[in-house]
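Chains, contacts and geometry: an overview
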Amino acid sequence: REESSSIVNVLIRNLKTIPGGCLSIAVSSRPEVDILTAFQGYVPLKIECEEKSNKEDLGKFIEARLKAYDMDEKCQNEAARILQEKAAGMFLYAKYVFEQLDAKAEAAQLALGDIKGLPDGGLDGYYEAT
């Protein structure tokens, strides 16, 4: 928390020295009170995990990544459904999971059971399981 506060302070301090409209930044975080307070007065663009467009983009990402694996179409569709559900709208979950799946695929050991056995609960579930 202390590290994120110092990063936020550096960003806010430097933003105030730049003339308006000359620079845009993107900050991605959980809705932590200290971060929300620090950026109070700025117009946020929120991407909610449960938004339809976010889920659609995540679904496309998952489907594209699954095509790299030697699975029949029925297994790919089932794997995509399971991963979409487990990711709970979080791309970072999908990134971490595909890193694990890539290692299994390289060893020719990837099976649908591996995907079913991945942690539920999105990123929080992934962090708790690893």
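Here is a short report on the structure shown in this document.

Conventions used here
Residues numbered from 1 in each chain as written. Predicted model: local features only at pLDDT ≥ 70, side-chain atom pairs only at ≥ 80, totals over all residues. Heavy atoms only, no water. Axes fitted to C-alpha atoms, helices over the stretch in contact; angles between N-to-C directions. Helix = DSSP H or I, 4+ residues; strand = E, 2+ residues; numbered from the N terminus. Parallel < 35°, antiparallel > 145°, perpendicular 65-115°, else oblique. Left-handed = near helix turned anticlockwise from the far one by under 90°. Contact = heavy atoms within 4.5 Å. Buried < 20%, exposed > 50% of the residue type's maximum accessible area, 1.4 Å probe, protein only. Arc of directions from axis to C-beta. Core = buried A, V, L, I, M, F, W, Y, C linked by side-chain atoms within 4.5 Å.

Regarding the packing of helix 5 (residues 91-106) against helix 7 (residues 122-129)
One can describe the packing of helix 5 onto helix 7 by two numbers: an axis separation of 8 Å at closest approach and a directional angle of 40°. Taken together, the axis directions place helix 5 and helix 7 in an arrangement best described as oblique. The handedness of the crossing between helix 5 and helix 7 comes out as left-handed. In this structure, helix 5 uses L92, Y93, Y96, V97 and Q100 to contact helix 7, whose residues at the interface are G122, L123, Y126 and Y127.

Structural notes on helix 7
Those residues of helix 7 not exposed but buried are G122, L123, G125 and Y126. Buried residues along helix 7 cover an arc of 160° about the axis, so they all sit on one side. Contact partners of the buried residues in helix 7: helix 4 (73-87) and helix 5.

Looking at the nonpolar core
Counting residues in each nonpolar core, the largest one holds 21 residues, and the members touching the most others are I62, L66, L83, F98, L101 and I115. Of all elements in the fold, only helix 3 (52-66), helix 4, helix 5, helix 6 (112-116) and helix 7 reach the threshold of two or more residues within this core. The contact partners of L66, leaving out residues within four places of it in the chain, are M71, Q76, A79, A80, L83, F98 and I115. Among the nonpolar cores identified, the runner-up in size contains five residues, and I12, L15, I35 and F39 belong to it.

By themselves, these are just geometric observations and shouldn't be taken as functional.
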